[in-house]
Amino acid sequence: MKIPVSWLSEWLTVPWQAPELGARLTMAGFELEALNPAAPAFSGVVVVQILEAVPHPQADKLRVCRVNTGSGPALQIVCGAANARAGLRTALAGVGAELPGGLTIGAATLRGVESRGMLCSARELGIGEGGLGILELPEDAPLGASLRDYLHLDETVLELNVTPNRGDAMSILGIAREVAALTGGALTGPAIAPVPAALTDRQAVRLEAAGCPKFVGRVIRGIDNSGSSPMWLRERLRRAGVRAISPAVDVTNYVLLELGQPMHAYDLAKVSGDIVARMAAVGEKVTLLDGREVSLDADMLVIADAAGAVGVAGVMGGERTCVSAATRDVFLEVAWFAPESIAGRARRLGLHTDASQRFERGVDPSGQERALERATALLRAIAGGEAGPVVTTEERSGLPVRAPVSLRRERLTRLLGVAVPDARVSAILGNLQMQVTTTAAGWTVQPPPHRFDIHIEEDLIEEVARIMGFEAIPEAPAARQQVFPAIPETLPPERSLLDALIARGYCETITFAFVDPALQAALFPQAQTLSLANAIASDLSVMRVSLWPGLVRAALENQHRQQDRIRLFGHGARFIVAGQAVSEVDSLAGLAVGRRLPEQWGSPEAREAADFHDGKADLQALLDATGAAEEFGFEAATHSCLHPGRTARVLRAGAPVGWLGELHPRLVRELGFAHTPVMFEIDVVALRVKLPQGREISRMPQVRRDLAVVLPEKVTFGELSERVVLAGSSFLRNVRVFDVYRGAGIEEGRKSVALGLIFQDISRTLTDDEVDRAVAAVVADLRENLDARLRE
């Protein structure tokens with residue numbers, strides 16, 4: 001929100017320069033985003049009057065003007081603006097003047113006629129968007145005066161970020177109230193006196209929806225809306241970021257910015273019958289002021305007449321009844337709409353308007369009559385006309401009532417950490433226009449009608465703290481003992497998990513917890529998902545059921561930027577929906593795509609792409625770090641987004657805890673990957689660490705026995721290793737696979753696996769007989785349980 005300092009100064013005395021004012025507002029909760037001058041830098045531009053404007057003898061579109069600068073002889077200027085005419089006061093950039101963008105004006109000859117400067121448009125001076133003609137100044141503009149001085153273009157405009165809970169501060173009046181509270185001063189804003197009714201004309205209004213309990217209106221006849229608003233009003237609007245359109249529209253925008261009350265002007269001749277505030281019919285259509293036809297939902301509030309809807313209440317008016325240059329009679333609407341009846345409707349229609357922004361946050365329900373009187377006085381002063389009576393239609397039961405809030409002295413001291421004098425508390429809350437009553441325990445506070453954010457005791461404590469100044473609260477040690485929660489030794493530190501993957505060449509990526517619904521549906525077509533009510537974008541509208549969608553999207557972005565070796569991982573929550581229940585699961589996921597090794601000349605593997613086994617090795621590094629690698633296992637499985645036959649379920653103690661596999665070939669093609677990504681995801685709770693235990697190291701020699709067994713192709717190493725360990729004696733220390741063979745001499749459907757069995761005792765050297773008996777037991781068990789035989 002943009003606040004010109006001169007406009008703010010009309011409402012109270014500001015004791016600080018603009019930078020300090022911005023700093024103090026920032027500390028009070030209104031972040032200063034920028035301090036800008038009212039216009040970009042330029043010099044040498046003065047107010048002049050055109051004495052004569054005649055056609056150029058050699059160019060139909062040019063005019064030769066003689067201008068009076070207020071001193072010295074008249075200057076000859078060649079101008080191409082259609083509105084250049086005798087008597088007009090405008091802006092002249094003389095020889096040597098510097099305009100925005102670094103343009104320096106010099107004498108020139110245009111089609112044989114000398115020109116001693118340039119008559120400027122608002123756009124050329126950076127003070128407007130219009131490029132249809134030169135700047136038109138009031139008739140009383142002083143000749144020869146610097147344009148910057150005359151229009152006060154060196155004044156500062158504050159750009160503030162107002163938080164969503166402070167709709168009351170989205171106006172000049174709202175910020176003036178805050179400054180008054182900070183200074184302890186009083187508001188002295190422009191007097192807003194009732195405008196006496198000169199007509200008896202009324203526009204009938206009916207309220208048929210609970211979302212509009214108050215509607216204030218007034219008929220004004222005989223206005224001239226064909227001209228433009230005065231320079232001071234157009235400049236005020238421009239500096240606040242609003243474009244001037246016509247007197248009727250400009251006045252409504254001015255009141256919106258000044259008082260925070262949205263309002264709308266109807267061309268009374270285009271209104272048919274009574275004005276009605278009602279709910280829309282399902283599929284009802286209305287053409288808005290921006291020319292778009294929108295289809296409405298049944299929960300949308302509309303303003304209608306006998307011919308149908310004429311606007312979406314609190315969002316935007318309709319084209320059918322809008323004012324134009326030909327408008328002579330207007331009906332001014334100043335309504336109050338309940339925030340819950342407006343919230344989200346504009347976004348649903350793809351709109352974001354000043355009116356909806358304020359109504360969604362809450363508008364003062366007692367300020368409609370004041371806004372209408374202010375608008376009436378401004379419109380009559382600018383465009384003339386006679387006003388009818390102010391007509392208020394309301395259902396008082398639908399208007400909000402602010403309940404009093406209790407503030408305890410002891411609670412205030414405990415939360416702030418400092419005792420604030422009672423008089424100081426009462427003064428702060430009183431300066432915020434709250435009614436304060438002292439009680440034995442503290443205060444009872446009645447919030448003003450415009451403060452929709454004051455509900456509980458902590459809200460009042462926040463008000464005291466921010467107005468008093470957070471910097472005024474001294475730092476002090478905590479008054480009570482700090483209690484830290486117990487952290488189980490088995491819980492792995494997040495840093496150790498991340499470092500384990502970083503050491504293997506992975507980079508951490510931080511992705512949103514909400515993802516593209518189309519991508520997630522492609523990866524998890526059967527998963528139930530949680531949709532966002534107010535998504536920030538259509539491709540970020542559902543909560544993730546896995547970290548994979550974010551990693552896949554990030555990998556594609558990197559591939560599009562010519563990265564040929566990508567290793568990414570993420571740590572965060574995934575959201576599992578089961579019926580009406582939603583659970584968050586802390587997960588760690590990784591994705592590898594592209595070259596197995598960084599490109600180099602010394603290894604042929606550098607040219608190969610990463611595959612399932614590379615991903616498994618990276619995941620195994622995490623499992624080994626738990627100190628309980630023997631508890632983990634992998635079993636063949638199927639997953640909707642993983643390659644059949646190259647997918648494994650990760651188990652710990654037989655319970656599923658994660659997935660590993662290559663991306664499905666169909667998805668590789670559809671998503672446009674150059675190589676097949678290999679991905680893994682595991683629950684962080686499954687990576688709990690096994691507490692270390694001391695174990696004596698044997699000084700006795702190891703005994704190794706190698707044997708090759710032929711067994712069915714379907715038998716996995718996990719099954720084979722498990723049987724060997726169960727059948728081997730207590731002396732068996734390790735099982736190694738050093739060869740797998742398929743081919744000549746091995747029947748189809750079987751494979752030969754060469755095992756190295758390591759035996760060792762802690763206290764003595766094993767004998768050959770003991771080792772032979774253990775090997776024989778292993779062979780017998782494999783023959784019986786896995787249909788295995790020794791290879792000949």
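Our structure's up above, just so we're on the same page.
Calculation criteria
Residues numbered from 1 in each chain as written. Predicted model: local features only at pLDDT ≥ 70, side-chain atom pairs only at ≥ 80, totals over all residues. Heavy atoms only, no water. Phe/Tyr/Trp six-rings, centres within 6.5 Å; stacked < 30°, edge-to-face > 60°. Helix = DSSP H or I, 4+ residues; strand = E, 2+ residues; numbered from the N terminus. Buried < 20%, exposed > 50% of the residue type's maximum accessible area, 1.4 Å probe, protein only. Lys NZ or Arg CZ within 6 Å of the ring centre and 35° of its normal. Pairing = 2+ DSSP bridges. Contact = heavy atoms within 4.5 Å. Axes fitted to C-alpha atoms, helices over the stretch in contact; angles between N-to-C directions. Core = buried A, V, L, I, M, F, W, Y, C linked by side-chain atoms within 4.5 Å.

### Some remarks on the packing of aromatic side chains
Applying the stated criterion across every chain yields a total of eight aromatic pairs. Measuring from centroid to centroid gives 4.6 Å for Trp7 and Tyr254, while their planes differ by 25 degrees, and the two rings are stacked. Pair noted here: Trp7 is in helix 1 (residues 5-9) and Tyr254 is in helix 6 (residues 247-259), with a separation of 247 residues, a long-range link. With respect to burial, Trp7 and Tyr254 carry one shared label: buried. Judged by centre distance (5.0 Å) and plane angle (70 degrees), the ring pair of Phe337 and Phe359 falls under edge-to-face. With Phe337 in the loop between strand 21 (329-336) and helix 7 (339-342) and Phe359 in helix 9 (residues 354-361), this pair connects stretches of sequence that are 22 residues apart. Taken together through their ring pairs, the aromatic side chains of Trp7, Trp232 and Tyr254 make up a single cluster. Taking the ring centre of Trp443 as reference, the NZ or CZ of Arg409 above it sits at 5.3 Å. One cation-aromatic arrangement involves Lys616 over Phe634; the distance from NZ or CZ to the ring centre is 4.7 Å.

### Brief notes about the sheet that holds strand 35 (residues 678-683)
As summarised here, the arrangement of the seven strands in space is 27-30-31-35-34-33-32, forming an open sheet in which the pairing is mixed. Since the sheet does not close on itself, it has two edges, and those belong to strand 27 (507-508) and strand 32 (632-636), each with one partner. Where strand 34 (residues 655-663) meets strand 35, five bridges bridge the pair, whose relative direction is antiparallel. When the sheet's bridge partners are listed, Trp659 is paired in strand 35 with Glu681. This element, helix 14 (residues 494-502), spans strand 27, strand 30 (565-578), strand 31 (581-594) and strand 35 of the sheet and lies at about 140 degrees to strand 30.

### Digging into the nonpolar core
With 50 residues, the main nonpolar core has Leu8 and Ile175 as its most contacted residues. The residues contacting Leu8, other than those within four sequence positions of it, are Ile3, Val14, Leu21, Ile172, Ile175, Ala176 and Val179. By size, the runner-up hydrophobic cluster in this structure holds 26 residues, among which are Leu301, Phe331, Ile342 and Ala355.

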